[in-house]
Amino acid sequence: MSNKLTLAGTIWIAADLHLGPDNPDTVQDFLQFLHSAQHQAHVLILGGDIFNAWIGDDQIAHPAPWLAQVSEALRSFAQQHPLYLMRGNRDFLLGKAYAQHVHATLLPDQVVLDTSAGLILMSHGDEYCLDDLAYQRFRYWVRKPWLQKLYLACPLSLRQRIADSARAGSQRGKQYKSKEIMDVQPAAIVAACEAHSVHAMVHGHTHRPAVHDIPGFEPVRRWVLPDWESDFSKEERRGGYISIEGTQLCLHQWGKKDQCQTLGPQQV
Ligand code: LP5
Ligand code: MN
């Protein structure tokens, strides 16, 4: 039985914001987005990699200015509308303490959203990258509660150093990996569709925003959320979100035409 979440009204979903001290313009873009969401959406789901690296909820005791600003904006959104947080491969250590701090609800790694447009299988997406064996090994270990407990028992300064080295290790590792290996494995997508009768799949992680048919499961499509990046090249400002309103699911990317599909019960 999958985790099911019934949501009413207009839903906005964003992921891969990678908020952090080195991305001030992306942080400002996100604060602007939150303000728009406050007035145009009823529910907001942040689908993982919200932060560029999350080293433990206890950092909220003495937050960096950017984190205090983001947390305050999330709290004020959540005082008016339901806010859900999903964990990604950078912020899998996000915990109940931070969720409570921003008045949000933590979601499991996979959830079936029961919406006005239909049933939508949502996850961060890293769990589908099964051909990336090095990553799946990393994921296997860092999800171990005992290792997380060990890591979280370290001083914040040491945790930051370990996170920085993990980030560097990741950047190095990616140089030698093919694009295919770092994308979702088609068989994993088929298995997810076979396990869940849904009208659409939504995930992030790959930083390859698009809408894909799923051969053999038409008209179910796989919607990939945009990653956000406004700090390194103004021309290449990246970002966007998925909206679910009425029977329509739309992918909105900054500077690109919206892609929409009317979902419907006839699909399942
Ligand atoms: O993240 P990104 O986009 O660069 O690449 C991802 C995969 N890499 C990761 C690693 C993260 O970037 C690391 C984030 C640090 C979080 C802080 C907590 C750290 C310790 C927690 C201990 C409980 O997700 C990358 C994929 C790519 O997506 C595309 O899908 O290819 O996978 C890899 O690079 C696999 C490497 O093997 C990862 C190596 C990390 C080194 C591990 C050292 C840390 C051990 C800590 C022990 C206490
Ligand atoms: Mn990711």
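Residues numbered from 1 in each chain as written. Chains lettered and ligands numbered in written order. Predicted model: local features only at pLDDT ≥ 70, side-chain atom pairs only at ≥ 80, totals over all residues. Heavy atoms only, no water.

As recorded in an unreviewed UniProt entry, the protein chain goes by UDP-2,3-diacylglucosamine hydrolase and comes from Alcaligenes faecalis. Looking at the protein chain in UniProt, the text filed under Subcellular location (unreviewed entry) is "Cell inner membrane". The Pathway (unreviewed entry) field of the UniProt record for the protein chain holds the comment "Glycolipid biosynthesis; lipid IV(A) biosynthesis; lipid IV(A) from (3R)-3-hydroxytetradecanoyl-[acyl-carrier-protein] and UDP-N-acetyl-alpha-D-glucosamine: step 4/6." (UniProt positions renumbered as here; feature names shortened; annotations may be inferred.)

Once that is clear, we can look at a nonpolar patch on the surface. On the surface, Y140, W141, W146 and L150 cluster together into a nonpolar patch covering about 500 Å² of accessible area. Contributions of two or more residues to the nonpolar patch are made by α4 (133-142) and α5 (145-152). Note on placement: W141 falls in helix α4. By relative accessible area, which is 42% here, W141 ends up partly exposed. (Patch = residues over 30% accessible without salt bridge, like charges linked within 9 Å, V, L, I, M, F, W, Y side chains within 5 Å. Areas by Shrake-Rupley, 256 points an atom, 1.4 Å probe, with all protein chains shown as cover. Salt bridge = Lys/Arg side-chain N within 4 Å of Asp/Glu carboxyl O. Helix = DSSP H or I, 4+ residues; strand = E, 2+ residues; numbered from the N terminus. Buried < 20%, exposed > 50% of the residue type's maximum accessible area, 1.4 Å probe, protein only.)

Looking now at the site of ligand 1. Close contacts around ligand 1 come from 20 residues, with R90, D132, R167, S170 and K177 the closest. One of the side-chain nitrogen or oxygen atoms of H205 is found 2.9 Å away from an oxygen atom of ligand 1. Protein chains bury 85% of the 1000 Å² of accessible surface belonging to ligand 1 in isolation. Looking at the shell around ligand 1, the elements that each hand over two or more residues are α4 and α6 (156-175). Of the residues forming the shell around ligand 1, the biggest block, 7 residues, is contributed by α6. In terms of residue class, the shell around ligand 1 is made up of 11 nonpolar, 4 polar and 5 charged. (Near = heavy atom within 4 Å. Polar contact = N/O pair within 3.5 Å; in protein donor to acceptor, adjacent residues only side chain to side chain. Nonpolar A, V, L, I, M, F, W, Y, C, P; charged D, E, K, R; others polar.)

So, about the coordination of the manganese ion (ligand 2). In the first shell of the manganese ion (ligand 2), the protein supplies D49 (OD), N89 (OD1), H124 (NE2) and H205 (ND1), at 2.0 to 2.3 Å from the metal. All donors of the manganese ion (ligand 2) belong to a single chain; written as a sequence motif, their spacing is D-x39-N-x34-H-x80-H. Remark: H124 occurs in the loop between β7 (118-123) and α4 and D49 occurs in the loop between β3 (43-47) and α2 (65-78); sequence separation between them is 75 residues. Note on H124: relative accessible area 1%, which makes it buried. (Donors = N, O, S within 2.8 Å, 3.2 Å for Na, K, Ca; no water.)

As a further point, take the state of the cysteines. Under the counting rule described, the total for this entry stands at 1 disulfide. Here C250 is linked by a disulfide to C260, with a sulfur-sulfur distance of 1.9 Å. Because the torsion about its S-S bond is 115°, the bridge between C250 and C260 counts as right-handed. Residue C250 is found in strand β12 (residues 248-253), and its partner C260 is found in strand β13 (residues 259-262); the two are separated by 10 residues along the sequence. (Disulfide = S-S within 2.5 Å.)

On to the sheet that holds strand β9 (residues 210-213). Ordered in space as β1-β6-β7-β8-β10-β9, the 6 strands form an open sheet in which the pairing is mixed. Of all strands in the sheet, those with a lone pairing partner are β1 (4-6) and β9, marking the two edges. Neighbour-to-neighbour, the strand axes of this sheet turn through a mean angle of 25°, independent of strand direction. Sheet topology places β1 next to strand β6 (residues 110-115); 3 bridges connect them, and they run parallel. Paired with L5 across the bridge in β6 is L113. (Pairing = 2+ DSSP bridges. Axes fitted to C-alpha atoms, helices over the stretch in contact; angles between N-to-C directions.)

Strand order in the open sheet formed by 7 strands is β5-β4-β3-β2-β11-β12-β13, with mixed pairing between adjacent strands. Here the strands that pair on one side only, and so sit at the sheet edges, are β5 (105-106) and β13. Looking at chain direction, β3 and strand β4 (residues 83-86) are connected through 4 bridges and run parallel. Each residue of the ladder has a partner; that of I45, found in β4, is Y84. The strands touched by helix α1 (residues 24-40) are β2 (11-14), β3 and β11 (240-245); relative to β2, the strand with the most contacts, the crossing angle is about 165°. (Contact = heavy atoms within 4.5 Å.)

Evaluated as defined, the whole model comprises 16 aromatic pairs. Between W12 and Y241 the ring centres are 4.4 Å apart and the planes differ by 35°, which places this aromatic pair in the tilted class. Taken as a pair, W12 in strand β2 and Y241 in strand β11 lie far apart in primary sequence, 229 residues in all. By relative accessible area, W12 is classed as buried at 5%. Looking at Y241, the relative accessible area reads 12%, which means it is buried. Pairing F51 with Y98 gives two aromatic rings, centres 5.7 Å apart and planes at 85°, and the pair type is edge-to-face. A residue pair is termed long-range when its members are at least 10 positions apart, and F51 in the loop between β3 and α2 and Y98 in helix α3 (residues 96-101) qualify at 47 residues. Just as F51 is buried, Y98 falls in that class too. Each member of the aromatic cluster is reached from another via a ring pair, and the members are W12, F30, F33, W228, Y241 and W254. (Phe/Tyr/Trp six-rings, centres within 6.5 Å; stacked < 30°, edge-to-face > 60°.)

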